Amino acid sequence: MAKVTVQFSCTECGTTAGRWLGRCPGCNAFGTLVEELHGSGSESAPRGAAKPVRLAEVAADESERISTGVPELDRVLGGGLVPASLVLVGGEPGVGKSTLLLTALGAIARGGRRALLVTGEESAAQVALRAARLGGADTVEIVAETELEAVCATLETERPDVCVIDSVQTLHASSLGSAPGSVAQVREAAGRLLRVAKESGVATVLVGHVTKDGAVAGPRVLEHLVDCVLQFEGDRYHEHRVLRATKNRFGSTNELGVFEMTAGGLVGVPDPSELFGKTHAGEVGAAVACALEGTRPILLEIQALVAPTDLAMPRRVGTGVDPKRLAMIVAVLGRHAGVTLASADVFVNVAGGVRIEEPGADLAIALAIASAARGAPVREGVAAFGEIGLTGRLRQASQAERRLEECAKLGIATVVVPGDTTGRVKVRLAPAETLRAAIRAGLEVAEQAA
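The text that follows walks through the structure, step by step, so that each part is easy to find. What you see is a predicted model, and the numbers here were worked out from it, not measured in a lab.

For the rest of this paragraph, the subject is the overall build of the protein chain. Looking only at helices and strands, the protein chain features 12 helices and 21 strands. Expressed along its principal axes, the backbone C-alpha trace of the protein chain runs to roughly 85 × 55 × 50 Å. A total of 450 residues make up the protein chain; the buried ones form 47% of that total. Looking at the protein chain alone, contacts between residues at least 24 apart form 67% of all its contacts between residues at least 6 apart. For the protein chain, the accessible surface area stands at approximately 21,300 Å², while carbon and sulfur atoms represent 51% of it. Between the averaged position of the 46 positive side-chain charges in the protein chain and that of its 52 negative side-chain charges there is a distance of 5 Å.

A few words now on the packing of aromatic side chains. Aromatic ring pairs are reported here in terms of the distance separating the ring centres and the angle at which the planes meet. As enumerated under the stated definition, the model contains 1 aromatic pair in all. For the ring pair Phe-232 and Phe-259, a centre distance of 5.9 Å and an interplane angle of 85 degrees mean the geometry is edge-to-face. Of this pair, Phe-232 sits in strand β9 (residues 228–234) while Phe-259 sits in strand β11 (residues 256–262), and the two are 27 residues apart along the sequence. For Phe-232, a relative accessible area of 2% puts it in the buried group. The class for Phe-259 is buried, based on a relative accessible area of 0%.

Now for the pairing of strand β20 (residues 414–418). The buried count for β20 comes to 5 of 5 residues, which makes it a mostly enclosed element. Inspection of the sheet shows strand β17 (residues 382–384) paired to β20 by 3 bridges, in the parallel sense. Opposite Ala-384, over in β20, you have Val-416 as the bridge partner. In the sheet, β20 pairs with strand β21 (residues 428–432) via 5 bridges, with the strands oriented parallel. Residue Thr-414 lies in a different strand from β21, and its bridge partner there is Arg-428.

What follows deals with the nonpolar core. The biggest cluster of nonpolar side chains holds 52 residues, and the ones touching the most others in it are Ile-302, Leu-333, Val-348, Ile-369, Leu-435 and Ile-439. Sorting elements by how many residues they give to this core places helix α9 (residues 362–374) first, with 9 residues. With 35 residues, the next largest nonpolar core counts Leu-73, Val-76, Val-87 and Val-95 among its residues.

Once that is clear, we can look at unusual backbone geometry. Cis rather than trans, the peptide bond between Asp-166 and Ser-167 has omega equal to 5 degrees. As for its placement among the helices and strands, Ser-167 is situated in the loop between β7 (162–166) and α5 (183–200). The phi dihedral of Arg-159 is positive, around 50 degrees, even though this residue is not glycine. Mapping Arg-159 onto the fold places it in the loop between α4 (148–158) and β7. Residue classification places Arg-159 among the partly exposed positions, given a relative accessible area of 45%. A positive phi angle is found at Gln-399, which is not glycine, with a value near 50 degrees. Locating Gln-399 in the fold gives a position in the loop between β19 (394–395) and α10 (400–409). For Gln-399, a relative accessible area of 39% gives the class partly exposed.

To continue, consider helix α11 (residues 435–442). What α11 keeps buried is the set Leu-435, Ala-438, Ile-439 and Gly-442. Summarising the axial view, the buried residues of α11 lie within an arc of 100 degrees, below the 170-degree limit, and thus occupy one face.

An order of β15-β16-β14-β13-β17-β20-β21 is seen for the 7 strands of this open sheet, with the pairing classed as mixed. If you trace the sheet from one side to the other, it starts and ends with β15 (316–319) and β21, each paired once. The sheet shows a mean angle of 30 degrees between the axes of neighbouring strands, taken without regard to direction. The strands touched by α10 are β13 (286–293), β14 (296–308), β17, β20 and β21; relative to β14, the strand with the most contacts, the crossing angle is about 80 degrees.

A few words now on α9. For α9, built from 13 residues, the straight-helix expectation of 18 Å at 1.5 Å per residue is met to within 8% by its first-to-last C-alpha distance of 18 Å. In terms of burial, α9 is largely enclosed, as 11 of its 13 residues are buried. Of all the residues in α9, the buried ones are Asp-362, Leu-363, Ala-364, Ile-365, Ala-366, Leu-367, Ala-368, Ile-369, Ala-370, Ser-371 and Ala-372. Positive backbone phi, approximately 70 degrees, marks Gly-375, located one or two places after α9.

Conventions we followed
Within each chain, residues carry numbers counting from 1 in the order of the written sequence. Only residues with pLDDT of 70 or above have their local features reported here, since the model is predicted, and side-chain atom pairs are shown and tallied only from 80 upward, although totals for entire chains, interfaces and linings are computed over all residues. Only heavy atoms go into the side-chain values, all of them from the structure, while hydrogens and water stay out. Strands here mean DSSP runs of E at least two residues long; helices mean DSSP runs of H or I at least four residues long; both are numbered from the N terminus. Buried, partly exposed and exposed residues are distinguished by accessible area as a fraction of the type maximum, computed with a 1.4 Å probe on protein chains only: under 20%, between the cut-offs, and over 50%, respectively. In what follows, residue pairs with any heavy atoms lying within 4.5 Å of each other are defined as contacts. Here the open area of atoms and residues is found with the Shrake-Rupley method and a 1.4 Å probe, where only the protein chains shown may cover a residue. Positive charges come from Lys and Arg, negative ones from Asp and Glu, while His and the chain ends are left out of the count. Each charge is placed at NZ for Lys, CZ for Arg, CG for Asp and CD for Glu. Each aromatic pair joins two rings of Phe, Tyr and Trp (for Trp, the six-membered one) with centres within 6.5 Å, and gets the label stacked for planes under 30 degrees apart, edge-to-face for over 60, and tilted for any other angle. Here, strands pair whenever DSSP counts at least two bridges between them. Definition used in this section: a nonpolar core is a set of buried Ala, Val, Leu, Ile, Met, Phe, Trp, Tyr and Cys residues joined via side-chain atoms within 4.5 Å. Directions pointing from the helix axis toward each C-beta atom define the arc. Lines are fitted to the C-alpha atoms to define the axes, a helix being fitted only along its stretch in contact, and any angle between axes, read from their N-to-C directions, falls within 0 to 180 degrees. Expected helix span is given by 1.5 Å per residue-to-residue step, counting one fewer step than there are residues.

This is the structure we're talking about:
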């Protein structure tokens, strides 16, 4: 009989200790170690040594991807689901994870493949009500089960093409004494499902909860085990959602999927530039940026507000942009562009709830802040992209040709770009070597911008 031991695991990082500690030695979080039972009452039979083979002898036939029937989801996955892969989808409650995956399962089932939904948070009747509202999911098979052994046995017996487990935190292994959703239970469930997915060839999608800071709940090993980690972002009180990949072994992690929540479920937005890149002529503090998310260029409206402050330390608040990069842009504006912001609060927002992580949007952010500070609107029909250096010099953004093509497609007349940018599209370029020159070219009142 194997000995059952008591260990204490951190709910944040998964670090284990032999006794309870007030602070986790792994992540230094306080009060996160909980008691768990490890081990089972039976020992597994010993296995023989494995025989290694050369990499040249390994058959690397690439299996055909399974299309989910949702183009935006296929884009983020890299072309569809890979057979025998394990995908983790995380997001806040109510953001639309179950709705999106049920829509994808319905499309997969209509395409002639077997689609199975294992639900642990809802009953089969509740899922049927949602399926009737969405439509097209009548042939999806469903199992309401939370016992991990039963779920694994079902996958090995039925062998569906695609299986969605909603959610991994509800699965419970009887060999462990801890409660469902604990670190040990989530780790055990992910490990067993990974083995079943690889051996049975089932493309498995796990739905995971998120913590207060937006990270996937559970031990960090959960993200290391799976092949792909998708993050579903958005506010439940707004209609638009953004899906991005933070890890993808079979594709790029820079792709972006945009969805709109409607009465009939989530609908993909094939052209988000039309949605997020619209501005009103003559509006102060608004500029259009051409950012690049993976292979997709997207126009985004950058909004800025500069207000006098009585605080000793003025605030630099950014929504959708990196706060550290925003502070750097504000400092460069004051030092090299003559835009005084030392006694003013600066607020920057990316319209639509999209988050920008690439440096190519620096110039548009700077134009929006300069417009708000000087009270002069950005010229009508002008977009901008480029990276700002600490010396005030502009650096060329990557894949400028694709960005210019997107601007031309949406009727942008002029694009403010770094001086070494070239393009063969039907837009007028306003090259600028320095940030001061770019502001002079972008604002309507050129004399004040100088």
